[in-house]
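# Overview (structure and organization)
Read off the chains here:
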Amino acid sequence: MTELLPVAVLGARGRMGAEAVRAVEAAEDLELVAALGSSDPLDSLVSAGARVVVDLTVPDATVGNVSFAVEHGMHAVVGTTGWTADRLARLETLLAGTPATGVLIAPNFALGSVLATAFAAAAARYFDSVEIVELHHPDKVDAPSGTAVRTAQLVAAARSAAGVPDAPDATRDQLDGARGARVDGVPVHSVRLRGLTAHQEVLLGSAGEQLTIRHDSFDRASFMPGVLLGIRSVARHPGLTVGLDGYLNLQTGGTGS
Ligand SMILES: NC(=O)C1=CN([C@@H]2O[C@H](COP(=O)(O)OP(=O)(O)OC[C@H]3O[C@@H](n4cnc5c(N)ncnc54)[C@H](O)[C@@H]3O)[C@@H](O)[C@H]2O)C=CC1
Ligand SMILES: O=C(O)C1=N[C@H](C(=O)O)C[C@H](O)C1
């Protein structure tokens, strides 16, 4: 009989965590060994024998949780937002001490969203202007979304690599925030609206034309195939991987590893 992979979920009583608990419980090759909330001690991850820790908590808690997992030789699959460049650099330093341990920081687990971001990065060099609109439910605690930040970073990097200058415009803000926030020079606008789940549009414009790349998550079930792919793959990817695209062969049309 094949051994089951022992998995723990942190933030297990939250919107995403509860969905992940159900997905792990339903997977025949995985065993849910711990499902922790905010007041549960991390030590129970060790006593439960978790090999992979899934973090779906809050930006203030995720760094401590992931550091604990890495320090105890557990792999981590992280959907929580708030991973700044500085936090990622410190995590890489920590991971250098345990070279066999893998951490996946995935701003978005929905395969369609990962593809939409890749399409936007591929298109970015061909258009004069690029702006991002992200739209979420109003219970979301952060803005802009992690997905929008990641998309803006990849768009900006693609434009910079191709030598595309920032598109100038004539607008001078009459009110702070009127043009959104800038992430690596890319304007990002955040909408919070009751009834929404998680949505993003990348608007690319040139003279006389517009390309819109839109992705919609209507249900948190959309994130679960990516969460499961992360859990099953993380041990084969030691070190830090940012973005689920790191586990997919997007260029070759492969189905992941
Ligand atoms: N990567 C992705 O595809 C997705 C990422 N997210 C991100 O996941 C995070 C969670 O989102 P939601 O589930 O909507 O939030 P939520 O607020 O419903 O759930 C967060 C849960 O974490 C718990 N928590 C807080 N501190 C904790 C700690 N130290 N240990 C264990 N649990 C703790 C809270 O009590 C709460 O139950 C957010 O950062 C969100 O942006 C959300 C959806 C998809
Ligand atoms: O809080 C959410 O809901 C989501 N958070 C992630 C983000 O900030 O990008 C992923 C998805 O957009 C849903």
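Before going into details, it helps to say that this report is about the structure given with it. Predicted, not measured: the structure shown is a model, and the values here were computed from it.

Definitions and limits used
Residues numbered from 1 in each chain as written. Chains lettered and ligands numbered in written order. Predicted model: local features only at pLDDT ≥ 70, side-chain atom pairs only at ≥ 80, totals over all residues. Heavy atoms only, no water. Pairing = 2+ DSSP bridges. Helix = DSSP H or I, 4+ residues; strand = E, 2+ residues; numbered from the N terminus. Axes fitted to C-alpha atoms, helices over the stretch in contact; angles between N-to-C directions. Near = heavy atom within 4 Å. Areas by Shrake-Rupley, 256 points an atom, 1.4 Å probe, with all protein chains shown as cover. 1 Å grid on protein atoms, 1.4 Å probe; cavity = no way out; pocket = protein on both sides within 12 Å on 5 of 7 lines; lining within 4 Å. Sits in = over half its atoms within 2 Å of the grid points. Nonpolar A, V, L, I, M, F, W, Y, C, P; charged D, E, K, R; others polar. Points joined across faces, edges and corners; volume = space filled by probe spheres on them. Domains from an automatic or database assignment. Polar contact = N/O pair within 3.5 Å; in protein donor to acceptor, adjacent residues only side chain to side chain.

### Here we look at the sheet that holds strand E1 (residues 5-10)
Taken in spatial order, the 6 strands of this open sheet run E2-E1-E3-E4-E5-E11, and their pairing is parallel. Two strands in the sheet have a free side with no partner beyond their single neighbour: strand E2 (30-36) and strand E11 (239-242). Neighbouring strand axes in the sheet, compared pairwise and without regard to direction, differ in orientation by 20° on average. In terms of strand pairing, strand E4 (residues 75-78) meets strand E5 (residues 102-105) through 3 bridges, oriented parallel. Its bridge partner lying in E5, Val78 is registered against Ile105.

### A look at the site of ligand 2
Inspection of the region around ligand 2 gives Thr81, Pro107, Asn108, His136, His137, Lys140, Ser145, Gly146, Thr147, Ala198 and Phe223 as its neighbouring residues. If ligand 2 stood free it would expose 320 Å²; the protein chains cover 83% of that surface. The site holding ligand 2 turns out to be the largest pocket. Considering only residue class, the shell around ligand 2 consists of 3 nonpolar, 7 polar and 1 charged.

### Focus on the layout of surface pockets
Empty space within the largest pocket amounts to approximately 860 Å³. Sorting the residues of the lining of the largest pocket by element identifies helix H1 (15-26), helix H3 (59-71) and helix H6 (146-161) as the ones contributing at least two each. The class makeup of the residues in the lining of the largest pocket is 15 nonpolar, 17 polar and 7 charged. Shared between two domains, the lining of the largest pocket takes at least three residues from each, and those domains are domain 1 (5-105 + 221-247) and domain 2 (111-217).

### Focus on the site of ligand 1
The environment of ligand 1 is made up of 21 residues, and the closest members are Arg15, Met16, Thr81, Ala106 and Phe109. Contact distances for ligand 1 include 2.8 Å between an oxygen atom and a backbone N or O atom of Met16. With respect to ligand 1, the backbone of Pro107 contributes an N or O atom lying 3.1 Å from a nitrogen atom. Protein burial of ligand 1: of its 860 Å² of free accessible surface, 81% is covered by the chains. Counting atoms within 2 Å of the grid points, the majority share of ligand 1 lands in the largest pocket.

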